[in-house]
Amino acid sequence: QVQLVESGGGLVQAGGSLRLSCAASGSISSINTMGWYRQAPGKSRELVASITSGSTTNYADSVKGRFTISRDNANYTVYLQMNSLKPEDTAVYYCNAEALIIAAPPRWDNAWGHGTQVTVSS
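Residues numbered from 1 in each chain as written. Predicted model: local features only at pLDDT ≥ 70, side-chain atom pairs only at ≥ 80, totals over all residues. Heavy atoms only, no water.

A. Region of interest: the side chain of R71. Looking at where R71 falls in the secondary structure, it is placed in strand β7 (residues 67-72). Within the buried core, R71 has no salt-bridge partner, and the shortest N-O distance to an opposite charge, that of D72, equals 8.1 Å. Within polar-contact distance, the side chain of R71 engages the backbone oxygen of I31 at 2.9 Å. A distance of 3.3 Å separates a polar atom in the side chain of R71 from the backbone oxygen of I51. Setting aside its immediate chain neighbours within four residues, R71 contacts I31, N32, T33, M34, I51, T52, S53, T77, V78 and Y79. (Helix = DSSP H or I, 4+ residues; strand = E, 2+ residues; numbered from the N terminus. Buried < 20%, exposed > 50% of the residue type's maximum accessible area, 1.4 Å probe, protein only. Lys, Arg positive; Asp, Glu negative; His and termini not counted. Salt bridge = Lys/Arg side-chain N within 4 Å of Asp/Glu carboxyl O. Polar contact = N/O pair within 3.5 Å; in protein donor to acceptor, adjacent residues only side chain to side chain. Contact = heavy atoms within 4.5 Å.)

B. Highlighting the pattern of salt bridges. Using the criterion set out here, one finds four salt bridges in the structure. Residue K64 is joined to D61 by a salt bridge in which the shortest nitrogen-to-oxygen separation is 3.2 Å. Classification of D61 by relative accessible area gives exposed; the value is 65%. Ionic contacts of the salt-bridge type, sharing partners, join the residues R38, E46, R66 and D89 into one network.

Below, the structure written as structure tokens:
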């Protein structure tokens, strides 16, 4: 199976920046789409940004112009650069990946990380 480990979360003041990383490990043949989701207190989980294997990106309207998603295909890692952070960005951020697993027969795994806390103070 595939394991996803997020890192880079923490406490930052409004206007500051953080860079989240998510590394995938396991018997991986390839990874298609990778993405970041977040869930704030009292709210449902929402898509923040996604990126395909060809580096096509998609962003939630609330983060466009402030966040940038990127990936390192060789290392199966996805990043989320977060600039101009606002208190409204406070949430647990989760990494997601669609991975092809080396097996007989090969299979797809839709994997999730355990989340990393991002807190933005005013």
